[in-house]
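Topology and contacts: notes
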Amino acid sequence: MIRLSGKLAPPPRWRVPVVIISGILAGLFFYLFYISRAYSYLSDDPSTCMNCHIMAPQYATWNHSSHREWANCNDCHVPHNNVFNKYYFKAKDGLRHATIFTLRNEPQVIFIKEEGKHVVQDNCLRCHADLLTDHKVMSYTTSYQHVRSERPCWDCHRETPHGRVNSISSVPYARVPVNGSPVPRWLKRLMKKEK
Amino acid sequence: MKPISTQIKRKPWLGWMIFFGTIVVVFVLGLLASSILERRSEAAFAFTPQIQYSGLEPRNEIWGKNFPMQYQSYKKTSDTLFQSKYNGSATIDMLEVDPRLVVLWAGYGFSKDYNQGRGHSYAITDVRNTLRTGAPMEGEKSPMPNTCWACKSPDVPRLMNEVGVAEFYKGSWETKGHEVVNSIGCSDCHDANTMELRISRPALVEAFDRMGKDITKASHQEMRSLVCAQCHVEYYFNKNIEEGVPYLTFPWDNGFSAENMEDYYDQIEFSDWTHKLSKAPMLKAQHPGYETYMTGVHAARGVSCADCHMPFMSEGGQKYTDHHVQSPLNNVANSCQVCHRQETERLMQDVYERQDRIIGNRDKLEELLVRCHVEAKLAWDLGASDEQMSEILMDIRHAQWRWDYAAASHGGSFHSPVEISRVISTGIVTAQEGRIKLSRLLMKKGYTGEVPYPDISSKEKAQAFIGLDVKTLQSEKEVFLHSVVPGWEEKASARESGYPVRSLFD
């Protein structure tokens with residue numbers, strides 16, 4: 001290890017510029033981490049999803065649904081079979097979303113992808129399995145297998161939980177947690193004084 | 001002092017100090033940049049009017065300076081590339097597609113020329129180009145009155161405000177050619193001061209008044225259809241309101257249905273023209289788009305015209321209405337799929353299936369109507385009397401009115417498939433009733449064979465069949481467009497250059 005760092009270390013004459021340049025790069029990295037609120041993606045807080053404003057309809061509709069009391073975004077939209085899969089899926093989906101948002105490629109009406117559908121369906125079952133294994137129902141629902149387990153829940157429960165009007169313009173006036181200013185208060189105060 | 005690199009060699013913590021110091025400096029510089037960008041973007045996000053103009057400003061590009069997103073999307077109405085199965089945004093020569101129309105409208109302007117119109121931004125060009133407005137040059141008058149401008153331009157509310165409503169309608173079409181030059185746009189639907197939707201055409205307000213309704217009580221969602229209903233409706237020219245003025249009137253007093261309006265026209269004994277072959281007192285349905293739409297399921301659920309034809313958009317977190325007014329079939333994602341979660345192909349199929357089924361019966365009715373006119377002409381030729389013909393002619397009038405009510409409602413077969421099917425089926429019954437009476441009469445006159453169906457397989461053949469010389473009309477039109485229209489444009493731009501427009505940044 002020591003030998004390796006010895007080999008990687010710049011010749012003594014270059015040491016100062018290298019220290020400064022790597023300081024700049026590291027500083028930019030932390031700044032990007034801070035401004036994009038990347039740290040928030042490790043949490044389960046629904047307002048994290050509002051880092052991209054186009055998620056406002058999804059947030060607002062969830063926030064007015066009964067699911068608000070029990071489930072956050074991740075409870076339904078990332079897998080929960082094991083912790084590695086959870087973060088793998090979250091990273092994969094999140095990076096795709098971030099790419100689309102950054103390139104301004106978002107469609108006006110967002111549809112869930114096939115993979116996401118399976119995740120959501122599994123999560124419906126994770127909490128609501130009782131509804132599928134009710135013996136009373138099994139005894140009189142002849143098409144049990146087809147009706148109760150092959151179709152996605154939202155084929156019937158269409159309003160749950162995001163409602164039926166689906167467009168990124170559907171809730172223009174909803175009060176949702178928008179990203180505040182990244183500029184710290186002390187800097188603002190300082191700038192005001194300068195003026 | 002020793003060079004700094006030697007100092008670091010002795011005291012490695014100094015290197016780390018420089019490293020972390022740089023991180024902090026860069027980070028704070030980043031925050032400063034954020035703050036600067038925030039201040040800059042405030043200006044871009046807020047509504048920033050650039051200019052001030054009068055409440056009657058007819059030029060869309062002037063409004064566009066203050067509302068760039070809406071104006072940019074409006075400009076797309078000049079796109080003519082989209083074609084759906086039956087319609088689209090391109091010019092379609094409907095007489096070419098369906099030459100039977102020539103016979104149905106024999107003796108009326110529509111037999112000369114009838115095109116599927118293009119987007120709003122072509123309104124002026126297309127009304128100048130159509131053969132129906134004629135070639136009014138050298139003292140010659142257009143066969144159409146100024147009323148025909150009523151739906152074409154934001155110059156219309158401006159003029160009505162200047163000269164009065166009846167005075168606007170008065171006179172032949174060419175007399176206001178230099179006044180009406182801007183295509184359908186902003187001030188047709190918007191109040192210049194508040195940008196609220198507004199009704200700029202008196203005909204709709206008057207129709208509401210006669211029905212005992214107050215249009216000023218309409219909700220915003222209703223207004224998102226009513227602004228369209230200023231023009232996309234059935235209308236006629238009432239000559240009894242003011243002496244010598246073809247006053248634009250909606251025949252809604254008894255209701256919106258084909259039968260209601262038919263009753264209305266029968267009561268006042270109105271006819272648009274007398275048919276050249278059958279001599280029936282005909283009615284021309286214009287485009288009862290709003291009336292038929294109101295009988296459909298989307299209207300019943302409170303969906304407005306704009307919800308599908310001008311869906312909401314979000315760009316950069318700002319919501320606005322797409323002013324590219326067009327067929328939702330060219331924009332299924334933003335219109336249909338907001339509520340319907342099916343695939344685009346499936347949704348298009350739903351539309352086409354309804355259109356296909358309805359056009360089958362409409363075609364049949366059209367053929368029956370051609371036969372009606374031809375058979376009635378034969379009856380006249382064989383010496384039938386007015387009395388013998390009067391009932392038959394009323395049947396022809398009613399049957400063709402119902403066909404036209406369905407055909408001219410354009411989107412009707414999707415907006416309200418059940419109602420349109422019903423109207424067509426009553427049209428078929430009425431046409432056949434008339435033909436039964438006709439065959440009795442023909443037999444009385446000694447004619448027992450089948451009356452031959454004319455060869456009208458092309459527009460040219462059909463126009464020759466009704467004795468119409470289109471070639472002359474076309475060449476006169478060509479001369480008119482090159483000699484008269486440029487003068488109109490010149491006069492208009494001289495007048496417009498005097499309109500008050502003030503920059504807010506001078």
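Everything below is about the structure printed above this text.
Residues numbered from 1 in each chain as written. Chains lettered and ligands numbered in written order. Predicted model: local features only at pLDDT ≥ 70, side-chain atom pairs only at ≥ 80, totals over all residues.

1. Focus on the overall build of chain B
Definition in use: Each helix corresponds to a stretch of at least 4 residues labelled H or I by DSSP, and each strand to a stretch of at least 2 residues labelled E; elements are numbered beginning at the N terminus. Note on contacts: residues are paired as contacts if their backbone-placed C-beta atoms lie within 7 Å.
When you go through chain B residue by residue, the secondary structure sums to 23 helices and 10 strands. Taken over the C-alpha atoms alone, chain B extends approximately 130 × 55 × 45 Å along its principal axes. Taking the intrachain contacts of chain B between residues at least 6 apart in sequence as the baseline, contacts between residues at least 24 apart amount to 72%.

2. With respect to the interface of chain B and chain A
Going by this rule: Asp, Glu, Lys and Arg are counted as charged, while Ala, Val, Leu, Ile, Met, Phe, Trp, Tyr, Cys and Pro are counted as nonpolar; the rest, among them Gly, fall into the polar class.
Every contact between the two is made by 26 residues of chain B and, on the other side, 33 residues of chain A. Of all elements in the fold, only helix H1 (4–10), helix H2 (12–45) and strand E8 (312–315) of chain B reach the threshold of two or more residues within the side of chain B that touches chain A. Looking at the side of chain B that touches chain A element by element, the count peaks at 12 residues for H2 of chain B. Its residues placed into classes, the side of chain B that touches chain A shows 13 nonpolar, 10 polar and three charged.

3. What to know about the environment of Tyr-499 of chain B
All names here are of chain B. Mapping Tyr-499 onto the fold places it in the loop between helix H23 (485–496) and strand E10 (501–503). Sequence separation between Tyr-499 and Pro-58 is 441 residues, and the spatial gap between their C-alpha atoms is 9.8 Å. Excluding its chain neighbours within four sequence positions, the residues that come into contact with Tyr-499 are Ser-54 and Glu-57.

4. With respect to the environment of Met-55 of chain A
Residue and element names in this part refer to chain A. Stated formally: Three exposure classes are used, all based on how many other C-beta atoms lie within 10 Å of a residue's own C-beta (placed from the backbone): buried at 20 or more, exposed at 12 or fewer, and partly exposed between those limits.
Mapped onto the elements of the fold, Met-55 is located in the loop between helix H2 (15–35) and helix H3 (56–63). Note on Met-55: 22 C-beta atoms within 10 Å, which makes it buried. Distance in space between the C-alpha atoms of Met-55 and Ile-168 is 7.4 Å, their sequence separation being 113 residues. When neighbours within four sequence positions are excluded, Met-55 is seen to be in contact with Cys-49 and Met-50.

5. Focus on unusual backbone geometry
The amide bond that connects Thr-160 of chain A to the next residue, Pro-161 of chain A, takes the cis arrangement and shows omega of -20 degrees. By the secondary structure assignment, Pro-161 of chain A is in the loop between helix H8 (144–150) and helix H9 (185–194). Here the phi dihedral of Lys-279 of chain B falls at roughly 60 degrees; this positive angle occurs in a residue that is not glycine. Relative to the helices and strands, Lys-279 of chain B is located in the loop between strand E6 (273–274) and strand E7 (281–282). Owing to 17 C-beta atoms within 10 Å, Lys-279 of chain B belongs among the partly exposed residues under this scheme.

6. Section: the pairing of strand E9 (residues 318–321) of chain B
Residue and element names in this part refer to chain B. Filter applied, for reference: We treat two strands as partners when DSSP finds at least two bridges between them.
Strand direction decides the pairing type here: E8 and E9, joined by four bridges, are antiparallel. The partner of Ser-314 across the bridge, within E9, is Lys-319. Here E8 hands over to E9 after two residues, with Gly-316 in that stretch at a positive phi of 55 degrees.

7. As for the nonpolar core
Residues and elements named next belong to chain B. Operational definition: The term nonpolar core refers to a group of buried residues, namely Ala, Val, Leu, Ile, Met, Phe, Trp, Tyr and Cys, whose C-beta atoms join them within 7 Å.
Residues Val-102, Leu-369 and Ala-376 are the most contacted members of the largest nonpolar core, which totals 45 residues. Those elements that place two or more of their residues in this core are helix H6 (100–104), helix H13 (258–267), helix H17 (344–381), helix H18 (386–407) and helix H20 (417–444). Residue contributions to this core peak at 10 residues, all from H18. Apart from residues lying up to four places away in sequence, Ala-376 is in contact with Leu-277, Ser-278, Ala-280, Ile-392, Ile-396 and Leu-438. Counting 43 residues, the second largest nonpolar core, distinct from the first, contains Phe-168, Ile-184, Leu-204 and Ala-306.

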